[in-house]
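# Overview (structure and organization)
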Amino acid sequence: MCKKICIIVVLLAFIVTASLPALAVEKINLVLWLGGEWEIPGLYDWFKEAVKIYEEENPKVSVELVNLSTDTYLAQFAAAGEARTGPDLIFTWPAIWCLEHVWKDYLAPVDEYFTDEEKKNFMGFDQRLWDKKHWGVGFYVAGKPMMYNKKIFKKAGLDPEHPPLTWAQLLEAGEKLKQAGYIPIGFGASDWGGGYLVGNLACQTMDNPLPMLQMSVGDKKFTDPEFSLMWEKIYELYKRGYFPENADSLNLWQGWEMFEKGECGIDFICDVQISRIVDILGEDAVGIAKPPIYGQGEQAGKYVLEVQALSITSWSRCKKEAANFLRFLHTEKMLNKFYDGLGIIPPDYKFDPGRIRLPQLKKMWKFIQEGTADWMENFYPTMVDEQGVFAGCQLLFAGEIDGKGVAKMAEEIAKKWRMMNPDEVTKYREWMEEFK
Amino acid sequence: MKIKQTTPYILILPAYTFLGLTFFYPIVKLFQYSFFKRVTNGFVFTGLDNLKILLADTVFFKSIQNNLLMLTIVVPALLVISIVIAVVLYERIRGWRIYRFCLFMPYVLPIPVVGIVFIYIFQGKGILNTFLEQMGLGFMALNWLGSSKIAIYTIMFVIIWKEAGLGIVIFLARLLSLDEALYDAAAIDGANWFQRLFYITIPQLSAVIEFYLIFAIITVLSWVFNYVYVMTAGGPGNSTYVTELYIFNTSFRFHMRNVASMASLILLIVVTFLIFVQFRIRGGMIGERV
C-alpha cells in the first residue's frame, strides 16, 4: 500500500512538473531587423529606448533589435526570405523595393491590423500598395529637398531668401556661384548618385509613376523625352562645370559632405540630414527649397517624398504583436519622442507640427501638406537602376557619354531585364493597374 | 580485440557528413537551380534557358573578360614580382628583414580597409593625383577609378600590391632553405647573376612556383569580389564587373537566382578545368623529373 502511494505521488509530481512550462505565461519574442542608421545616426539607439518602453508596457512581449547595414540588407533579406525564417518586422524602402519581396511572398499585408482612422494618418501608406493591400507602415520620412547655403548665396550676389525655382534660374545661380569661386552643385557619382538624381528630378515630366512602369515593360522607352530630358538637363549642368570636377570619383555621401563643409552652394540632400546640417552650418545658413522646375508634368514643383517603413514578414508567427509594435510607434507619445530625439518628422499626420522648431523643417512640413511627388527610382527594376542608371551616370560624369547616352543605357538594360524576367514583367503590368 | 572493418568508416562519417552538407549538397542544388525553376508545387525543367540568357548578357561577357584579364595579368605579375623581390632579399642586403616585414604587411590587412584607403588615394583630387600635380607630373594624374578604361587596371594594381607579400615570403623561405653549395659551384664555373637565377634558383623553386600559381589563381578568382565590391561595385559603367560580383548581384539584388546559379556553374566548371590542367602539367613535370 505504501509502495502504491509512493508511486502515485511520484507520477503526480512528474506530471505537474512536466506541464509547468505549458502553464507558465509564454513570452512572445519579436525580432525586428532595423535599417536607416546609415542615414540617421542614432536611430538604432532611439529604437533601443523605444523597445524598453514597449516592453515595460507589454511585459509579455520582448523585442530583439538587429541593426542592418545598407551593404548587406538586400542579401540578408533575400536569404531570410528563402529560408522563411528570421525577422518578424523588417525595414523596407517603398514601391519596387518592397513589392519585389511581396511578389516572392516574403511579406504580409498590414491592413487587417489597423483601423481606417489609423490608416488615414499613416503618411506614405500608399507607397507600398499592391493588390489593393498595404505592405508596410512608415516610421520615418525621407523627403528630398534642394538645400542651399544662404551665406554662400549672399557672397555670390544671389538673394538668399529666393532660391532658384526654375531651371533657367538654376543656370543663372550656378553661373554666379561659379564666378564667386564655389562649386555650384555638390554631387558624387561613383556609387548610386544616378539613382538619386532620377529620384529627385525625373518626376517632373510625369503625372504619376505610370510612365516609369510603362518604360520598364516596354510600352514606352527610357529614351523617350519623359526620361531622357532629365538627363539632358543634368548633362547641361555638367558641361557648364556646375558639378565638382572629380564628381566621378566621389560617392554620394562625399558629395553631401561638400555642402556641410561650405564648398558648394547647392546640394540635393535627404531631409533627414536637415537637423544635423543645421547644427554644423547654423540655422541662418541653411535654406531648403523644392528642386527647380524643368518639366511640365503634374508632379513638377512638388516635394519629392519617400517614407521608409517596417513591414511584417509572411512567416512571422506573431503578426498581430508585430502590428501592435507598429501601432505603438505611431502613438502620440512616441511620435513626439521620435521628433524630439532625432530631429526628424515622423510619418504621421497626427503629429503636431507645433512641436517643430527648426524653420527648415517647418518649411518641409508645409511642402508635404501642399502635395508630394514620387521618388521615381522606386518604379523601375533594380537591374535597370544599377547597370543602366548608376552606370550611365558614372560614364556621364567621366565625360564618356552624354545625357542621351544614359537614357540609352537604361533602355538597353531594360530590354535585357524583360528577356531575363518575364514573370516580373507580368507583375509590373499588374502593378500598372494601380495607377490607371 | 579485432577492430571491425566498419569502424573506420563510422569514425570518419561525421566529417564526411559535414563535407557533404557544406560542399556536395550546395553543388547538387546549384545544378538544380541552373536547370530547374521553382514554382508553387515544385520545380519545372527549364533546360538551357538560363544559359541562353547569360550568353545574351553583355555584362556577363564583360565579367568573364575581366576575370580572364586578371588571370593573364595579375597572376603572372604576382609570380614575377614575388620571385624577383624574394631573390633580391635573398641577397641579404642591409635591412632585408625589415623589408620583408614591410612587404608582408599589406597581406595581413583586411581587403575592405585596403580598398577604402585606395579609393581615397586614387580619387580625382586624391593623394596620388595631388602629389603628381605638385611634382609637375600632372599629365600622369589620370582618372584612376572613374574612367571605364583604366579602373580595372587600377584594381589589379591594388590586388598585386596587397597579395604579393605572401608570395615573397613563401619564395624567400624556400630560397633560405637551398643548399648554398649549388651557388658556390656555379660561381666557380663563372655563372653570372642571371645565369644563377635561371639555371639554379628558378628550377629549385619550381615546386613552390606550382603551388603559388594555384594559390594565385584561386585568389584572383575568389577574392577579387571583395576588391571590386569595395572599390567600384562594378562601375564605372559596368567596366569592372567580375563574374563573382555578377553572381552576387544577379542573385541577391536582382532576385534571379536561377540565372545566378547557371553563372556559378560556369565559374565552377572553368575553375575545375584550370585546376585539372594545372595538375596535368604538374604531373607531367614530376614524371619528367623522375
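Right, let's walk through the structure included here. (Residues numbered from 1 in each chain as written. Chains lettered and ligands numbered in written order. Predicted model: local features only at pLDDT ≥ 70, side-chain atom pairs only at ≥ 80, totals over all residues. Heavy atoms only, no water.)

## A look at the interface of chain A and chain B
You'll often see interface size given as the accessible area lost when the parts meet. Note the following rule: Only heavy atoms matter for contacts: two residues are in contact if any of them lie within 4.5 Å across the pair. A 1.4 Å probe defines the accessible area here, and the buried area is the portion of it lost by two parts on being joined, summed over both. Throughout this description, the term salt bridge denotes a Lys or Arg side-chain nitrogen within 4 Å of a carboxyl oxygen of Asp or Glu. Helix and strand definitions follow DSSP, with helices as H or I runs of at least four residues and strands as E runs of at least two, each counted in order from the N terminus.
Listed per partner, the contact involves 30 residues of chain A and 32 residues of chain B. Interface area for chain A against chain B, summed over the two sides, is near 2800 Å², with a carbon-plus-sulfur share of 50%. Together, E386, Q387 and M420 of chain A form the three largest contributors to the area buried by chain A at its contact with chain B, with a combined 19%. Our enumeration of links across chain A and chain B arrives at 4 salt bridges. Among the salt bridges present, the one from D57 of chain B reaches K416 of chain A, with a minimum N-O distance of 2.7 Å. For the side of chain A that touches chain B, the secondary structure elements donating two or more residues are α3 (73-83), α4 (96-103), α16 (382-397) and α17 (403-420) of chain A. The greatest single-element share of the side of chain A that touches chain B, amounting to 7 residues, is contributed by α16 of chain A.

## Describing the packing of helix α10 (residues 206-231) of chain B against helix α11 (residues 243-253) of chain B
All names here are of chain B. Rules: Between the N-to-C directions of two axes lies an angle of 0 to 180 degrees, each axis being a line fitted to C-alpha atoms and, for a helix, fitted only over the stretch in contact. Angle categories: roughly parallel below 35 degrees, roughly antiparallel above 145, roughly perpendicular from 65 to 115, and oblique for all the rest. Throughout this entry, Asp, Glu, Lys and Arg are counted as charged residues, while Ala, Val, Leu, Ile, Met, Phe, Trp, Tyr, Cys and Pro are counted as nonpolar. The remaining residues, Gly among them, count as polar.
Here α10 crosses α11 at 70 degrees, and the two axes come no closer than 8 Å. By the angle between their directions, the pair α10 and α11 is classed as roughly perpendicular. Contact residues: α10 offers L221, S222, V224, F225, V228 and Y229, while α11 offers E244, L245 and F248. Here the residues of the contact of α10 with α11 are counted per class, giving 7 nonpolar, 1 polar and 1 charged.

## Some points on the pattern of salt bridges
Quick reminder of the rule: We call a residue buried when its accessible area falls under 20% of the maximum for its residue type, exposed when it is over 50%, and partly exposed in between, using a 1.4 Å probe and counting protein chains only.
By the definition in use, this model includes 27 salt bridges over all chains. Between K48 of chain A and D45 of chain A there is a salt bridge, and its shortest N-O distance comes to 3.6 Å. You can see K48 of chain A and its partner D45 of chain A sitting in helix α2 (residues 43-57), 3 residues apart, about one turn around the helix. Note that R253 of chain B is salt-bridged to E386 of chain A, the shortest N-O span being 2.6 Å. Here R253 of chain B is found in helix α11, whereas its partner E386 of chain A is found in helix α16 on a different chain. The exposure class assigned to E386 of chain A is buried, which follows from its relative accessible area of 10%. Through salt bridges that share partners, D111, D116 and K119 of chain A make up one connected network.

## Observations concerning empty space enclosed by the protein
Rules: Throughout, the protein atoms alone are placed on a 1 Å grid, and a set of points is a cavity if a 1.4 Å probe fits but cannot get out or a pocket if it is open with protein on both sides within 12 Å along at least five of seven lines; lining residues have an atom within 4 Å of a point. Grid points are joined across faces, edges and corners, and a volume is the space filled by probe spheres set on the points.
Taken as a whole, this structure holds 3 cavities of 30 Å³ or more when the rule is applied. Space inside the largest cavity adds up to approximately 60 Å³. Surrounding the largest cavity, W46, F47, G138, F139, L329, H330, M334, L335, F338, P346 and P347 of chain A form its lining. If you list the elements that add at least two residues to the lining of the largest cavity, you get α2, β7 (137-143) and α14 (332-342) of chain A. Of the residues belonging to the lining of the largest cavity, the class tally is 9 nonpolar, 2 polar and no charged. Counted as a void, the second largest cavity has a volume near 40 Å³. E100, P381, T382, M383, W417, N421 and E424 of chain A together with F254 and M256 of chain B together form the lining of the second largest cavity. Within the lining of the second largest cavity, the residues separate by chemical class into 5 nonpolar, 2 polar and 2 charged.

## Looking at the layout of surface pockets
Looking at the second largest pocket, its volume works out to about 1100 Å³. Along the walls of the second largest pocket sit 29 residues, with K104 and D423 of chain A together with K37, R38 and N258 of chain B positioned nearest its centre. Breaking the lining of the second largest pocket down by element, the ones donating at least two residues are α3, α4, α17 and α18 (422-432) of chain A together with β1 (36-39), α2 (49-55) and α12 (257-289) of chain B. In terms of residues, the lining of the second largest pocket owes the most to one element, α18 of chain A, which gives 4 residues. Per-class residue counts for the lining of the second largest pocket are 10 nonpolar, 7 polar and 12 charged.

## Quick word on the packing of aromatic side chains
For clarity, the cut-off: Pairing of aromatic side chains here covers Phe, Tyr and the six-membered ring of Trp, requires ring centres within 6.5 Å, and sorts the geometry by plane angle: under 30 degrees stacked, over 60 edge-to-face, intermediate tilted. Whether a charge sits over a ring depends on NZ of Lys or CZ of Arg being within 6 Å of the ring centre and within 35 degrees of the ring normal.
Overall, the coordinates contain 65 aromatic pairs over all chains when judged by the stated rule. A ring pair is formed by F379 of chain A and F435 of chain A, whose centres lie 6.0 Å apart and whose planes are at 80 degrees; its orientation type is edge-to-face. In this pair, F379 of chain A sits in the loop between β13 (372-373) and α16 while F435 of chain A sits in the segment after α18, placing the two residues 56 residues apart along the sequence. Above the plane of the ring of W375 of chain A lies K144 of chain A, whose end atom (NZ or CZ) is 4.5 Å from the centre. Over the ring of Y107 of chain B we find K162 of chain B; its NZ or CZ atom is 5.1 Å from the centre of that ring.

## Points about the packing of α16 of chain A against α17 of chain A
The relative placement of two packed helices is expressed as an angle between their axes plus a distance between the axes. All names here are of chain A. The criterion, for reference: A crossing counts as left-handed when the near helix is turned anticlockwise from the far one by less than a right angle, and as right-handed when that turn is clockwise.
Their axes nearest at 8 Å, the elements α16 and α17 cross at an angle of 160 degrees. Comparing their axes, α17 and α16 come out roughly antiparallel. The crossing of α16 and α17 is right-handed. Here α16 contributes M383, V384, Q387, G388, V389, A391, G392, C393, L395 and L396 to the contact with α17, which in turn contributes G403, V406, M409, A410, I413, A414, K416, W417 and M420. Considering only residue class, the contact of α16 with α17 consists of 14 nonpolar, 4 polar and 1 charged.

## Comments concerning a nonpolar patch on the surface
Convention followed: Patch membership requires over 30% relative accessible area and the absence of a salt bridge. Like charges are linked within 9 Å, and nonpolar side chains (Val, Leu, Ile, Met, Phe, Trp, Tyr) within 5 Å. To measure how exposed things are, a 1.4 Å probe is used in the Shrake-Rupley method; for residues, cover is taken only from the protein chains shown.
Nonpolar side chains collect at one region of the surface, where Y9, L11, I12, Y16, L19, F23 and F24 of chain B lie side by side and expose about 810 Å² of accessible area between them. Among the residues examined, F24 of chain B registers a relative accessible area of 47% and is labelled partly exposed.

## Concerning unusual backbone geometry
For the peptide bond that leads from G235 of chain B to P236 of chain B, omega is -5 degrees, which places it in the cis range. Although it is not a glycine, D131 of chain A adopts a positive phi angle of roughly 55 degrees. Position of D131 of chain A relative to the elements: it lies in the loop between β5 (129-130) and β6 (133-134). The exposure class assigned to D131 of chain A is partly exposed, which follows from its relative accessible area of 45%.

## Remarks on the pairing of strand β8 (residues 146-149) of chain A
All names here are of chain A. Selection rule: For two strands to count as paired, DSSP must find a minimum of two bridges between them.
Of the two faces of β8, the one holding M146 and Y148 and the one holding M147 and N149 are both buried throughout. Here β8 pairs with strand β10 (residues 264-268) via 3 bridges, running antiparallel. Residue pairing across strands places Y148 opposite I266, the latter belonging to β10. Of the pairings in the sheet, the one linking β8 to strand β11 (residues 286-289) comprises 4 bridges and is antiparallel in character. Each residue of the ladder has a partner; that of Y148, found in β11, is G287.

## Here's the deal with the nonpolar core
When a protein is soluble and globular, its nonpolar side chains tend to lie buried together. We count it as follows: In plain words, nonpolar cores are sets of buried Ala, Val, Leu, Ile, Met, Phe, Trp, Tyr and Cys residues tied together by side-chain atoms within 4.5 Å.
Residues F47, F227, W231, F325, F397 and W431 of chain A together with M70 of chain B are the most contacted members of the largest nonpolar core, which totals 226 residues. Counting residues per element, this core draws most heavily on helix α3 (residues 58-90) of chain B, at 14 residues. Not counting chain neighbours up to four residues away, the residues in contact with W431 of chain A comprise A95, I96, L99, W103, L129, W130, L213, N378 and F379 of chain A.

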